[in-house]
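Observations on the model geometry
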Amino acid sequence: MENYLNENFGGVKPKHSSEEALKRWRKLCSVVKNPKRRFRFTANLEKRSEAEDMKKSNQKKLRVAFLVPQAAFRFIDAGQLISTDYKVPEEVKASGFGISPDELASIVEGHDHKKLRDHSGIEGISEKLSTSITNGIVASEESLKRRQELYGFNRFVEKPPRGFWMFVWEAMQDTTLMILAVCAVISLVVEIYKEGWPKGAYDGLGVIFSILLVVFVTATCDYHQSLQFKVLDREKKKIFIQVVRNGYRQKISIYDLVVGDLVHLSIGDQVPADGLFVSGFSLLIDESSLTGESEPVNVNKEKPFLLSGTKVQDGSGKMLVTTVGMRTEWGKLMATLSEGGQDETPLQVKLNGVATIIGKVGLFFAIITFAVLTKELIDRKISSGQQWNWSEDDFTEILDFFAIAVTIVVVAVPEGLPLAVTLSLAFAMKKMMNDRSLVRNLAACETMGSATCICSDKTGTLTTNHMTVVKLWMCGNVKEIHNAEEAKKVMTETSEGASKILIQSIFQNTSGEVVTDKDGRCHTLGTPTESALLEFGLLLGGNFVRECKEATVVKVEPFNSLRKKMAVVLELPGGKCRCHCKGAAEIILQTCDKVLDSTGQAVPLDEISINHLKNVIESFASEALRTLCLVYVDLENKFSPNDQIPENGYTCMAIVGIKDPVRPGVKDAVQTCKSAGITVRMVTGDNINTAKAIAKECGILTDDGVAIEGPDFRQKSLEELRELIPKIQVMARSSPLDKHTLVKHLRTMHDEVVAVTGDGTNDAPALHEADIGLAMGIAGTEVAKESADVIILDDNFATIVTVAKWGRSVFINIQKFVQFQLTVNVVALIVNFSSACVTGSSPLTAVQLLWVNVIMDTLGALALATEPPNDELMKRKPVGRGGSIISNVMWRNIFGQALYQLIVIWTLQAKGKTLFELDGPDADLVLNTLIFNSFVFCQVFNEISSREMEGLNVFHGILSNWVFMAVMSFTVVFQVILIEFLGSFASTIPLSQTQWFLSVLIGFLGMPIAMLVKLIPLPGESNQYKLKVE
């Protein structure tokens, strides 16, 4: 079966599946009982195609928008076009604004330079929007409400949630249930006509009641599941942005953004609305998400248009929001994409395949059963010479045969198998949210359970990301900085000129900012590294606002993980220009030819000084400190924004050591991964000595492990990499390309299932390439989060281990449910077929089989697919890439339990009357009730046995799983009601205490049988559940 599944249903991957693969498995599952329910959680390929068409349309619009204004400008310059006066609509005037929403939308969406010029440019637009390009809007409650009423909310239209009755309607679309309902109605009419009311109504009403039970239990489960997905979907869309309101910079939700807001953009941000560029440096925008165009676009005052949904690839800037929500092209695109849904997961597809195979087998057996039962009736008629005389009773009997055959299809087709995956994933995703991880891609839950390797960042994942400057080398001396007094001492012991340049470098060469809140308190904004430096600058007595006013910024080169540095060129008050640069200490040191001596004077950098500085860097790094080198150069000539920032000739001014402590619990989490057979590798841009010190502290780097730098890694040949990669435990000074290459080779060369963490824009390719991309929720950029499958909300490595545990739990829970359901399928099929062939009747009626279907389908999925994980899961080997959904262990358990149940039922059928001393007119009814009751309790105790596929202690943690206990209680209570009180409907009769005891005992004996079956060894089985041998 596994080979068939891999061949026909194995083309679907955890992510980036081809449209051909998605279409192929749908064709193979074209005939199903209930398509609406079976395919509810699959991608809508038609809607996706619509979204792609929209992207192409946007691309054409932008091309036209680029060409038309150029031609228009030529006409304007020639005096052939006359500017038209714009008339402000009355409702806009009444709201206190000077431009309508449609006019604003047309300017940005159409890249209309002429209209922008007609409205006096960005300054004119901001005035008409009653906002300021420096202080933002005045954000009173009444003002925000007016803006939202006129210009709209920053939300896109979503499909309204489906109510409970819609799920009831979908559950009723099951073809077999509809056929049974028709049979039940016909039977009801015929039997009432023959036997009157109410006696003739029992059988028909029993079937109708059973159908309604199936429908409502199914709908309740599906409705609850949809509510869980709705909550998680809401969490996924939470994005926070930095805006200026009332003159203060603050963080707000993207949904609270209004037209007129002044938004700060930096590398990795998603542009939250349509708008106009106000100011910034080197702003490079990736518009591929909106247009499909891969070439990034430079945005500046000449090309000021910013479109919602695009990503900041490089640089930084401020934008004025002009259009929000459904007025933007992104809003319209997202409304379409939201209907496209997520790709189905590999497990869902494979279980659809299993359901299809078993469904065909079930249909075959149902047809044979109906044929055999009908043949028995015809033979009886022929033997009695009544073959030409057919009564109403005969037709009713044939109708019953048909109902039994249809019910066999109902029970045989495991419609709940694919949906059990969704149920388990929904349960896991909700619990993972409580454990500080947000799943963006459904398949990531199950894939994470197969992970064999985690490539983790250092900063913020293994460490706390709370950075402080604790050491400083300056003017030949190393000083420790633990408080304000020690910082001020540095200033008194250093020359005034050197101190001034240091403070200028800290406050001017930064992507962060020092802001003052309403209470007058200072706060630093920016990355943890930038915040640490800014706080250090404040400790030194610097004033951020004053420093920024004293010099004019000419050009900024933002930090980039590829360059490992950032730089700024300033125009000083006297007209001179100075360039400040900072970055990875050993890399920046190579650009220097001077150094500040003990007097603060720049002197040539000789070999002795270079060695001294290298020793300082190594000593800082060996203490697990992040090292940054701050350098500057005074430029002789005038500098323009188009000139290149110098690559060398700098003066080394200072080296800082920044402490970022290892997170508590990381060492234990790494050890847990090792016990689980998961290799942890650290991939960082930091100095190799810093990386090695942290890796040893975390337990990642061992004596036989390899620590390598990115530049060395790049020089290796493919053969060298094949041998080296399994030994690599630390990669330092790595570029995003190095991380991508490592991930690709681990997946292709060594068939590893790789999870990768990332927080920066440049991590997106590695996150995309990995089997599971893990983005950081706090430090991560929107670009990284967009490329990730799971967002770690607390940026903690221990949370990643929890995700792996839940992933394993999902996979094993599905296997437990598959094992349980296939056992019921096998027994129900064989019992009904064999009984039809041997006795000419079926021991289980349609009503009884429908109840069994509820137990094994919806209730079974609820009980087994929602088992929480336990610590034992992380003491087993990972399943890996080639893990089978139905393992040999499962087949052993299925056949062992099925054999016991078949022997019991066949024995009861053959010898039941003798064993229970049954006689009298109700003997057959009592025996069939005993068989039905024993069969149900076999499933109850088999469900308990299925909690462990190899472990013998199946009761461990059972009382803490309230869902399992609730399902078991409901099943037992309803079974008692069915036997004792609903006999007329269910074709049962109340049993004596002895008969109840024996029925339950027969079911219970299945548990020790299951334990004995688990002890049967499987030669050559590479079992993923055995403990890892260290």
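Our subject in this report is the structure included herewith. Remember, predicted model here, so these are calculated numbers, not experimental data.

On to the packing of aromatic side chains. Each pair of aromatic rings is reported with the distance of its centres and the angle of its planes. A complete count under the given rule lists 15 aromatic pairs for this structure. Counting every residue linked through ring pairs, the aromatic cluster contains Phe164, Trp165, Phe167, Phe216 and Tyr223. Positioned above the aromatic ring of Tyr255, the side-chain terminus of Arg155 is 4.3 Å from the ring centre. Over the face of the ring belonging to Phe964 we find Arg947, whose NZ or CZ atom lies 5.5 Å from the ring centre.

The next thing to look at is the side chain of Thr328. Here Thr328 lies in the loop between strand 7 (311-323) and helix 14 (329-340). A relative accessible area of 2% places Thr328 in the buried class. Engagement of the side chain of Thr328 in a polar contact is seen with the backbone oxygen of Gly325, the distance being 2.7 Å. With near-sequence residues (within four places) excluded, Thr328 lies in contact with Asp274, Ser308 and Thr323.

Moving on, we come to a nonpolar patch on the surface. Residues Ile378, Ile382, Trp390 and Phe395 make up a contiguous nonpolar surface patch of about 380 Å² in total accessible area. Considering the arrangement of structural elements, one finds Phe395 in helix 16 (residues 392-412).

Here we take up the nonpolar core. Counting residues in each nonpolar core, the largest one holds 153 residues, and the members touching the most others are Met448, Ile772, Phe797 and Trp851. Non-local contacts of Ile772, meaning those with residues more than four positions away in its chain, are made with Ala444, Thr447, Met448, Ala451, Val753, Val754, Ala755, Val756, Asp789 and Val790. Formed by 39 residues, the second largest nonpolar core is a distinct cluster that contains Leu129, Val244, Ile252 and Leu283.

Here the focus is the side chain of Arg245. Tracing the chain through its elements places Arg245 in strand 1 (residues 240-245). Arg245 gets classed as buried once you look at its relative accessible area, which sits at 6%. A polar side-chain atom of Arg245 sits 3.1 Å from the main-chain carbonyl oxygen of Asp256. The contact partners of Arg245, leaving out residues within four places of it in the chain, are Asn135, Ile137, Ala139, Leu144, Gln250, Ile252, Asp256, Leu257, Val258 and Asp261.

Attention now goes to the packing of helix 15 (residues 346-383) against helix 32 (residues 797-838). Running from N to C, helix 15 and helix 32 point in directions that differ by 10°, and their axes come no closer than 9 Å. For the element pair helix 15 / helix 32, the angle class is roughly parallel. Of helix 32, the residues touching helix 15 (which contributes Leu347, Leu351, Val354, Ile358, Val361, Gly362, Phe365, Ile368, Thr369, Val372, Leu373 and Glu376) are Phe811, Ile814, Val818, Leu822, Asn825, Leu829, Asn832, Phe833, Ala836 and Cys837. Residues belonging to the contact of helix 15 with helix 32 are distributed by class as follows: 17 nonpolar, four polar and one charged.

In this section: the pairing of strand 2 (residues 248-253). Relative to strand 2, strand 1 runs antiparallel, the two sharing six bridges. Looking at the pairing, Ile241 lines up with Ile252 of strand 2. A loop of two residues connects strand 1 with strand 2, the two strands running antiparallel in sequence, and Asn246 in this loop sits at a positive phi of about 55°.

Where helix 25 (residues 666-675) contacts helix 32, the axes come no closer than 8 Å and their chain directions differ by 30°. Between helix 25 and helix 32, the interaxial angle falls into the category roughly parallel. By crossing handedness, the relation of helix 25 to helix 32 is classed as left-handed. Only Phe797, Ala798 and Val801 of helix 32 make contact with helix 25, whose side of the interface consists of Val666, Ala669, Val670, Thr672 and Cys673. Looking at the contact of helix 25 with helix 32, its residues break down into seven nonpolar, one polar and no charged.

Tallied over the full model, the rule gives zero disulfides. As a non-bridged cysteine, Cys577 has Cys579 as the owner of its nearest cysteine sulfur, 9.9 Å distant.

The subject of this paragraph is the pairing of strand 9 (residues 453-456). Side chains of strand 9 alternate between two faces, with Cys453 and Cys455 and Ile454 and Ser456 buried alike. Here four bridges tie strand 9 to strand 21 (residues 679-683), and the two strands are oriented parallel to one another. Its bridge partner lying in strand 21, Ser456 is registered against Met682. As defined by bridge partners, strand 9 adjoins strand 24 (residues 754-758) across three bridges and the pair is classed as parallel. Considered in strand 24, the bridge of Cys453 is made with Val754.

The rules behind the values
Residues numbered from 1 in each chain as written. Predicted model: local features only at pLDDT ≥ 70, side-chain atom pairs only at ≥ 80, totals over all residues. Heavy atoms only, no water. Phe/Tyr/Trp six-rings, centres within 6.5 Å; stacked < 30°, edge-to-face > 60°. Lys NZ or Arg CZ within 6 Å of the ring centre and 35° of its normal. Helix = DSSP H or I, 4+ residues; strand = E, 2+ residues; numbered from the N terminus. Buried < 20%, exposed > 50% of the residue type's maximum accessible area, 1.4 Å probe, protein only. Polar contact = N/O pair within 3.5 Å; in protein donor to acceptor, adjacent residues only side chain to side chain. Contact = heavy atoms within 4.5 Å. Patch = residues over 30% accessible without salt bridge, like charges linked within 9 Å, V, L, I, M, F, W, Y side chains within 5 Å. Areas by Shrake-Rupley, 256 points an atom, 1.4 Å probe, with all protein chains shown as cover. Salt bridge = Lys/Arg side-chain N within 4 Å of Asp/Glu carboxyl O. Core = buried A, V, L, I, M, F, W, Y, C linked by side-chain atoms within 4.5 Å. Axes fitted to C-alpha atoms, helices over the stretch in contact; angles between N-to-C directions. Parallel < 35°, antiparallel > 145°, perpendicular 65-115°, else oblique. Nonpolar A, V, L, I, M, F, W, Y, C, P; charged D, E, K, R; others polar. Pairing = 2+ DSSP bridges. Left-handed = near helix turned anticlockwise from the far one by under 90°. Disulfide = S-S within 2.5 Å.

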